[in-house]
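The chain contents come next:
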Amino acid sequence: MAWQTVEITQNKTTVQGHQRGLELEFPNKLKAADTLVVNGQSMKVESWAQDERDDIVHVLLADAGVKEKSDDKPNAGRAKS
């Protein structure tokens, strides 16, 4: 998966960064937060690490995948015993 250029916003500050899956990298111009707005979509932050050598922030976004709701019905084609 390739890195994509994205806009990351916190309050009224916007920076350009790069996203690959749930990973974000951007210049250290934002304060550590629980949520960030990435390309207009609010996303929860799982981890936040600052690389002081390059003054870059590495963020791992929380996986916000939708879980399937169980209907508690058996699957079709199930073998009966």
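Refer to the preceding data block for the structure.
Residues numbered from 1 in each chain as written. Predicted model: local features only at pLDDT ≥ 70, side-chain atom pairs only at ≥ 80, totals over all residues. Heavy atoms only, no water.

Draft legend 1. Layout of the pattern of salt bridges. What the rule picks out here adds up to two salt bridges. Between Asp51 and Arg53 there is a salt bridge, with its nearest N and O atoms 3.1 Å apart. We classify Asp51 as buried; its relative accessible area is 13%. Using a relative accessible area of 73% as the deciding quantity, one classes Arg53 as exposed. (Salt bridge = Lys/Arg side-chain N within 4 Å of Asp/Glu carboxyl O. Buried < 20%, exposed > 50% of the residue type's maximum accessible area, 1.4 Å probe, protein only.)

Draft legend 2. The pairing of strand S1 (residues 4-10), seen in detail. As judged from the seven bridges shared by S1 and strand S2 (residues 13-20), these two strands associate in the antiparallel manner. Bridge pairing in S2 places Val6 opposite Gly17. In this structure, the hairpin formed by S1 and S2 is closed by a connection of two residues, where Asn11 is found at a positive phi of approximately 55°. (Pairing = 2+ DSSP bridges. Helix = DSSP H or I, 4+ residues; strand = E, 2+ residues; numbered from the N terminus.)

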